[in-house]
Amino acid sequence: MPSSIVCQNLCFDYEYDDEAPVEVLKNVSVEIKEGEFVALVGKNGCGKSTLAKHFNAILLPKSGRVLIDGMDTTDEDSVIKIREKVGLVLQNPDNQIVATIVEEDVAFGPENLGIPPLEIRERVDWALKAVGMYEFRESAPHKLSGGQKQRVAVASVIAMRPKFIILDEPTAMLDPRGRSEVMDCITSLNKDYGLSIVLITHNMDEAALADRIIAMEDGRIVMDAPPDEVFTHIEAIRALGLDVPPVTQLAFDLRKNGIDMPQDILHVNQCVRAVLRHLQPVEGGADIFGNDKY
Amino acid sequence: MPLIETQNVTFKYGVRTPMEKTAVDDLSVCFEAGEIVGIIGHTGSGKSTFVQLLNGLLRPASGRVLLEGRDIWEKPKKIRDVRFKVGLVFQYPEYQLFEETCRRDIGYGPRNMGLNDEQVNEAVERAAVQAGVKPELMEKSPFELSGGEKRRVAIAGVMAMGPRVLILDEPTAGLDPQARDKVLQRIKAYSETTGALVLLVSHRMEDIAAICDRIMVMSKARMIMFGTVDEVFSRYDELKAMGLSMPQVSRVLRKLKLAGYPVNTHIYDEPSACAEIVRLVKQCGIKR
Amino acid sequence: MDITFGQYYPSKSPVHRLDPRVKLIFVLVYIVTIFLGTSFVGLGLCTAFLITAVIISRLPVRLFAKAIKPILPIIIFTAIINLFYAGGDPLFYIFSIAVTKQGVLTSLLVVVRIILLIAGSSMLTFTTTPTSLTDGLERLLSPLTVFRLKVHELAMMMTIALRFIPTLTEETDKIMNAQKARGADIDSGGLFKRVKALVPVFIPLLVSSFRRAFDLAVAMECRCYTGGEGRTRMKIFKLRCADYLALGIMIVLLASVIVINFVLGLV
């Protein structure tokens, strides 16, 4: 049977000492299946991180249920099994690396699971190769760049051989190069290694890489659809406080001006091609799509 | 006379160790009052070191930094006075907030300047307006605020010193679009109302294009380009080779131009780009 | 900024490659040997041994000079005390205080001992990374868990401390610079003023340390950490020929010093 994360009528609130509890999740029901690449988007404070922490029993529902492969997260005996299946990568790579040497950090999870030493070695090497950090296995984490550290954090999670990886805004603190390193790594884990991904982000160009986008607002799921469908509601996405790539916005505005453009434009070249379709061909133009990735 | 200028400034980290690295190499540049200059460059290109040389947090190994014509290291004991005139907002400045209330925190700089209570209060009120901190937040703890609000309080803390030069290192990093627009708008307004020089370090070319008059490009400890937004972005191929970019919509227009169409490529914001393409389609479109 | 703590000196010498457990035991026995070696012959043997070890380890001698320098005043002080406070036949007088032959000998012995002690234990930190030191300590002490000593927890704490020292140093630097940019005056004034000036640095540092600690706790939980029980380790410590050889040398050294003591009739 394929693995799955199932939330049924999940409610959660944070309780402060002398104030009324703050409702963070309001009756959330959602199912995530094995092999999916899901982007979970929404403004800061919309409850997306709180929801993610329910997926591996870091937080437990106030009411409703969260089932991982049928195991209830409130069942204490299943907690370790659940966390083995669902790994979580946090935003700040500095705060989640435990050991002083890269490979020892990656080994930390499998060591906790009581895996025999030789197998740990195999898993560590595999995980570091999967994220492209094998050559740095003996480095000290604090000497790495942000993108490299975050990839180590990802390796540390996949070394536990999970079915799902949840990434909580893994690129928020990185520069453009670090961002693309981490995003390439995440897509490859999904496409080449078949891992299910739940990516939390507020960048729509990152979300667009997913098969499915779930948008949250004020503790509720307000949209759950494939990217091309979500992108037909640009106005709504912007209202949610999300970052829409400028070309996507451009395509949308051109459409409003009566120029027919596809819905799913995210990159410069897609946009240029779509505009060119409306123009009469000219002689002597240069090759403009040459070596550009997008 | 330029407001601030550097003359052949060089700075090295880890001098006389195996890790010695030149972070700024023989850099000479002038900035004028009232302009907004964007500083772009890859991580490690030396831009963060460069801005710390301007306010005297780092001392150049050789070369001089002149503020209003005077070497800032003329009297090393008076270097604090330079820092009041050259305000520097670091990346993620909200991590430096420490006081019990926003009012007290914004007043930290003015108090260090030795102003009396009345003057401090005046400076704080002015900075709160300049940075867009709502009055009802002033008595709250900075730790209770949202990310965007915290960021603006931290920026107000530097604006409160009334600097003639305001330097901001990635002021919009990690903010959502609305909060980002607000911060950029406040920065532009500060330059317009006070006539100060603003230096904006950013990875987001959209931010740079939105508010800057000129752009300085750094790579490998050196200044590679310095010119108007049009001048710098017209050298896109070189920027790209350095791992830099320009606004997405401008890249669309540039490609259309390369394809042989009459397009104005000096456009960097989305609404104008849209208007330009609409015009182009009217002019060269396939007649149906 | 780059900090090398524990003063590890990277190299691939045979001493560097010894099992950290062996090195730890070795240093312990070596210290005992120095204290047993009450004669110049015994200490001479220890010195000869140390010099050989330094040569094998390929460490520059200036490293040891640097390690001894800070405690030089203590060495001189103990030397002087021992010089004057020993009975016996006066050799000469300084300010009418007798300096005896025994005094000179004891103070010489003491000086040699302290130097051997410092140089020997520095050898350990120069040739072993803090990480493997922690690892070695954990494994050596693990039998003590029988006595409810939280060996694993202790080692984990050491590891996390080692891991976060560079991060927090960097962060302190950043906050300090940010406050200096707002005119903080940290480098001048009296003690009270300086301590007060550091409040704007300490509070943000504290806040961020808590945030980091909280994140780290979640990250560790996510990776199924439940304490030391049932954990395995990726790195298996296996004694190699060199390790057995080192243990052998150690026994020989200890035995020789004891024998010398007997021969000289000191026991």
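Residues numbered from 1 in each chain as written. Chains lettered and ligands numbered in written order. Predicted model: local features only at pLDDT ≥ 70, side-chain atom pairs only at ≥ 80, totals over all residues. Heavy atoms only, no water.

(A) The overall build of chain B, seen in detail. Regarding its fold elements, chain B presents 12 helices and 10 strands. At 21 Å, chain B has a C-alpha radius of gyration in line with the 19 Å of a compact globule built from 288 residues. Over its C-alpha atoms, taken along the principal directions, chain B stretches across nearly 75 × 50 × 40 Å. Counting across all 288 residues of chain B, residues that qualify as buried make up 57%. Relative to all contacts within chain B whose residues are 6 or more apart in sequence, the contacts with residues 24 or more apart total 62%. Surface exposure of chain B reaches about 12,100 Å², of which carbon and sulfur atoms provide 50%. Between the averaged position of the 41 positive side-chain charges in chain B and that of its 37 negative side-chain charges there is a distance of 4 Å. (Helix = DSSP H or I, 4+ residues; strand = E, 2+ residues; numbered from the N terminus. Rg over C-alpha atoms; globule rule 2.2 N^0.38 Å. Buried < 20%, exposed > 50% of the residue type's maximum accessible area, 1.4 Å probe, protein only. Contact = heavy atoms within 4.5 Å. Areas by Shrake-Rupley, 256 points an atom, 1.4 Å probe, with all protein chains shown as cover. Lys, Arg positive; Asp, Glu negative; His and termini not counted. Charge placed at Lys NZ, Arg CZ, Asp CG, Glu CD.)

(B) Up close: the domain arrangement of chain C. When cut into domains, chain C gives domain 1 (7–128 + 237–263) and domain 2 (155–222). Domain 1 of chain C and domain 2 of chain C are separated by 38 Å when their C-alpha centres are compared. (Domains from an automatic or database assignment.)

(C) Quick peek at a nonpolar patch on the surface. On the surface, a cluster of nonpolar side chains totalling about 270 Å² of accessible area is made up of Phe-143 of chain B together with Val-199, Ile-203 and Val-207 of chain C. Mapped onto the elements of the fold, Val-207 of chain C is located in helix 9 (residues 191–222). (Patch = residues over 30% accessible without salt bridge, like charges linked within 9 Å, V, L, I, M, F, W, Y side chains within 5 Å. Salt bridge = Lys/Arg side-chain N within 4 Å of Asp/Glu carboxyl O.)

(D) Structural view of the packing of helix 7 (residues 130–141) of chain C against helix 8 (residues 151–181) of chain C. All names here are of chain C. One way to put it is that helix 7 packs onto helix 8 with a least axis distance of 9 Å and a crossing angle of 175 degrees. Judged by the inter-axis angle, helix 7 sits roughly antiparallel to helix 8. Contacts between helix 7 and helix 8 pair Pro-130, Thr-131, Thr-134, Leu-137, Glu-138 and Leu-141 from the former with Val-151, His-152, Ala-155, Met-158, Thr-159 and Leu-162 from the latter. A per-class count over the contact of helix 7 with helix 8 returns seven nonpolar, four polar and one charged. (Axes fitted to C-alpha atoms, helices over the stretch in contact; angles between N-to-C directions. Parallel < 35°, antiparallel > 145°, perpendicular 65-115°, else oblique. Nonpolar A, V, L, I, M, F, W, Y, C, P; charged D, E, K, R; others polar.)

(E) Main features of the domain arrangement of chain B. Residue and element names in this part refer to chain B. One can read the domain layout of chain B as domain 1 (4–238) and domain 2 (247–288). With centres defined by C-alpha atoms, the gap from domain 1 to domain 2 works out at 35 Å. When domain 1 packs against domain 2, close to 680 Å² is buried across both sides, 63% of that on carbon and sulfur atoms. When the area that domain 1 buries against domain 2 is broken down by residue, the three leading residues are Glu-206, Asp-230 and Tyr-236, summing to 60%. The tally of links between domain 1 and domain 2 comes to one salt bridge. Asp-237 is paired through a salt bridge with Arg-254; the nearest N and O atoms lie 3.0 Å apart. Remark: the boundary between domain 1 and domain 2 carries four residue pairs in polar contact (both at pLDDT 80 or more). Tallied by class, the residues present in the side of domain 1 that touches domain 2 amount to five nonpolar, no polar and three charged. (Buried area = accessible area lost by both parts, 1.4 Å probe. Polar contact = N/O pair within 3.5 Å; in protein donor to acceptor, adjacent residues only side chain to side chain.)

(F) Molecular detail of helix 4 (residues 117–130) of chain A. Residue and element names in this part refer to chain A. The end-to-end C-alpha distance of helix 4 is 20 Å, a good match for the 20 Å that 14 residues give at a rise of 1.5 Å each. When we look at burial in helix 4, the residues that qualify are Ile-120, Arg-123, Val-124, Asp-125, Ala-127, Leu-128 and Ala-130. Those residues of helix 4 hidden inside the fold are in contact with helix 3 (102–112), helix 5 (146–158) and helix 6 (176–191). (Expected span 1.5 Å × (residues − 1).)

(G) Fine view of the pairing of strand 3 (residues 36–41) of chain B. All names here are of chain B. When you tally the buried positions in strand 3, you get six out of six residues, the bulk of the element. The alternating pattern of strand 3 places Ile-36, Gly-38 and Ile-40 on one face and Val-37, Ile-39 and Gly-41 on the opposite face, and all of these are buried. In the sheet, strand 3 pairs with strand 8 (residues 197–201) via four bridges, with the strands oriented parallel. Looking at strand 8, one finds that Ile-39 is bridged to Val-201. (Pairing = 2+ DSSP bridges.)

(H) Expanded view of the interface of chain B and chain C. Taken together, the contact pairs 21 residues of chain B with 16 residues of chain C. For the chain B and chain C pair, buried surface summed over both sides reaches about 1,600 Å², with 59% attributable to carbon and sulfur atoms. Where chain B touches chain C, the interface holds two salt bridges. Across the salt bridge formed by Arg-80 of chain B and Asp-185 of chain C, the nearest N and O atoms sit 3.4 Å from each other.

(I) Representation of the sheet that holds strand 7 (residues 164–168) of chain A in the model. All names here are of chain A. Spatially, six strands are ordered 6-7-8-3-9-10 in an open sheet, and the strand pairing comes out mixed. A strand with exactly one partner marks an edge of an open sheet, and here the two such strands are strand 6 (86–89) and strand 10 (220–225). Strand-to-strand, the axes of this sheet are offset by a mean angle of 20 degrees, without reference to chain direction. Sitting on the sheet, helix 5 touches strand 6 and strand 7, and the angle it makes with strand 6 is about 165 degrees. Seen against the sheet, helix 6 touches strand 3 (37–41), strand 7 and strand 8 (196–201) and runs at an angle of roughly 150 degrees to strand 8.

(J) Quick look at the packing of aromatic side chains. Residue and element names in this part refer to chain C. Across all of its chains, the model carries 12 aromatic pairs over all chains by this definition. Taking 5.4 Å as the distance between ring centres and 85 degrees as the angle between the ring planes, the aromatic pair formed by Phe-64 and Phe-126 counts as edge-to-face. Here Phe-64 is found in helix 4 (residues 61–68), whereas its partner Phe-126 is found in helix 6 (residues 101–127), with 62 residues between them in sequence. Each member of the pair Phe-64 and Phe-126 is classed as buried. (Phe/Tyr/Trp six-rings, centres within 6.5 Å; stacked < 30°, edge-to-face > 60°.)

(K) Region of the structure containing the environment of Phe-136 of chain A. All names here are of chain A. Looking at the secondary structure, you find Phe-136 in the loop between helix 4 and helix 5. For the pair Phe-136 and Ser-63, spaced 73 residues apart in the sequence, the C-alpha separation amounts to 44 Å. Excluding its chain neighbours within four sequence positions, the residues that come into contact with Phe-136 are Val-102, Leu-144 and Gln-148.

(L) Layout of the environment of Ile-51 of chain C. Residues and elements named next belong to chain C. Tracing the sequence through the fold places Ile-51 in helix 3 (residues 40–57). On the basis of relative accessible area, Ile-51 is assigned to the partly exposed category, the value being 48%. Separated by 68 residues in the primary sequence, Ile-51 and Ala-119 place their C-alpha atoms 9.8 Å from one another.

(M) The sheet that holds strand 5 (residues 71–72) of chain A, seen in detail. Residue and element names in this part refer to chain A. Reading across from one edge, 2-1-4-5 is the order of the four strands in this open sheet, with antiparallel pairing throughout. At either margin of the open sheet sits one strand with a lone partner, and together these are strand 2 (22–33) and strand 5. Bridging between strand 1 (residues 4–14) and strand 2 involves eight bridges; their strand directions are antiparallel. Each residue of the ladder has a partner; that of Phe-12, found in strand 2, is Leu-25.

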